[in-house]
Amino acid sequence: MELPDFMSYAGKFSANDFVDKISRIAKRAGAKLVYAALILYYTLQSDRVSKTDKAMIIGALGYMISPLDVIPDAIPIVGLTDDLTVLIYVLKKVWTNVEPEIKDKAKSKLSKWFDEDEMAEINDLFKD
């Protein structure tokens, strides 16, 4: 695999554009992560979820809040990638138990923290 000539992009760089781009990416990844976490949290409270699924959810949410994980959360942008991966993995496993009310409750809470553009990212929850 041949790498591109990175220096050919030097003229396209500006500090403001860089900060704007990073902010947009971080916010969208944040909305997706928070939405997945909220769905799992609210699903955990449902009577329709088996003890096995509840154990997986607790493990995923515990992993998310633990300071000890594969990629330290302090690393900008990628620090939460492993957390999101774990949350999405477990969410896929329990998705059949996620009631529409739970999704609505999670979206309602999320809308208090994120704007419409950021909320759009949650529409592709299971897409990379």
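The written sequence of each chain sets the order in which its residues are numbered from 1. Local features in this predicted model are restricted to residues of pLDDT 70 or higher, and side-chain atom pairs are both shown and tallied only at a pLDDT of 80 or more, whereas totals for entire chains, interfaces and linings draw on every residue. Just so you know, side-chain values use all the structure's heavy atoms and leave hydrogens and water out.

Take the overall build of the chain next. Within the chain, the secondary structure is distributed over five helices and zero strands. A run of H or I in DSSP becomes a helix once it reaches four residues, and a run of E becomes a strand once it reaches two; helices and strands are each numbered from the N terminus. Counting helices and strands in the order they occur from the N terminus, the chain gives α-α-α-α-α. When burial is assessed residue by residue, the chain has 30% of its 128 residues classed as buried. Every residue pair with non-hydrogen atoms within 4.5 Å of one another is taken to be in contact. A sequence separation of at least 24 residues applies to 69% of the contacts in the chain between residues at least 6 apart. Summed over its atoms, the accessible surface of the chain is roughly 8,800 Å², and 60% of this surface lies on carbon and sulfur atoms. Only protein chains enter the accessibility calculation, which uses a 1.4 Å probe; a residue whose area is less than 20% of its type maximum is buried, one above 50% is exposed, and one in between is partly exposed. The protein chains shown are the only cover counted for residues, whose accessible areas, like all others here, come from Shrake-Rupley with a 1.4 Å probe.

Residue placement: Asn123 occurs in the segment after helix H5 (116-119). With a relative accessible area of 59%, Asn123 lands in the exposed category. Distance from Asn123 to Lys32, taken between C-alpha atoms, is 8.8 Å for residues 91 residues apart in sequence.

Within the secondary structure, Lys105 sits in helix H4 (residues 100-110). Lys105 sits 63 residues away from Tyr42 along the chain, and the two C-alpha atoms are 8.1 Å apart. The residues touching Lys105, leaving out its near neighbours within four places in the chain, are Tyr42 and Gln45.

A word on the confidence of the model for the chain. Known as pLDDT, the predictor's confidence for each residue is given on a scale from 0 to 100. This prediction gives the chain a mean pLDDT of 76; 67% of its residues lie at or above 70. In the model of the chain, helix H1 (residues 15-44) stands out as the element of lowest mean pLDDT, 71, in contrast to H4, which has the highest, 93. Taken as a whole, residues 3-8 scores under 50 in pLDDT and shows zero contacts with residues more than four places along the chain or in a different chain.

Below, the discussion takes up the pattern of salt bridges. By definition here, a salt bridge exists when the distance from a side-chain nitrogen of Lys or Arg to a carboxyl oxygen of Asp or Glu is within 4 Å. The final tally for this structure, using the stated rule, is two salt bridges. Two residues, Lys32 and Glu121, come together in a salt bridge whose shortest N-O distance is 4.0 Å. In this pair, Lys32 is assigned in helix H1 and Glu121 in the segment after H5, connecting sequence segments 89 residues apart. Taking relative accessible area as the criterion, Glu121 reaches 24% and is therefore assigned partly exposed. With a shortest N-O distance of 3.5 Å, Arg48 and Glu99 are connected by a salt bridge. Separated by 51 residues along the polypeptide, Arg48 in the loop between H1 and helix H2 (51-65) and Glu99 in the loop between helix H3 (81-94) and H4 bring together distant segments of the chain.

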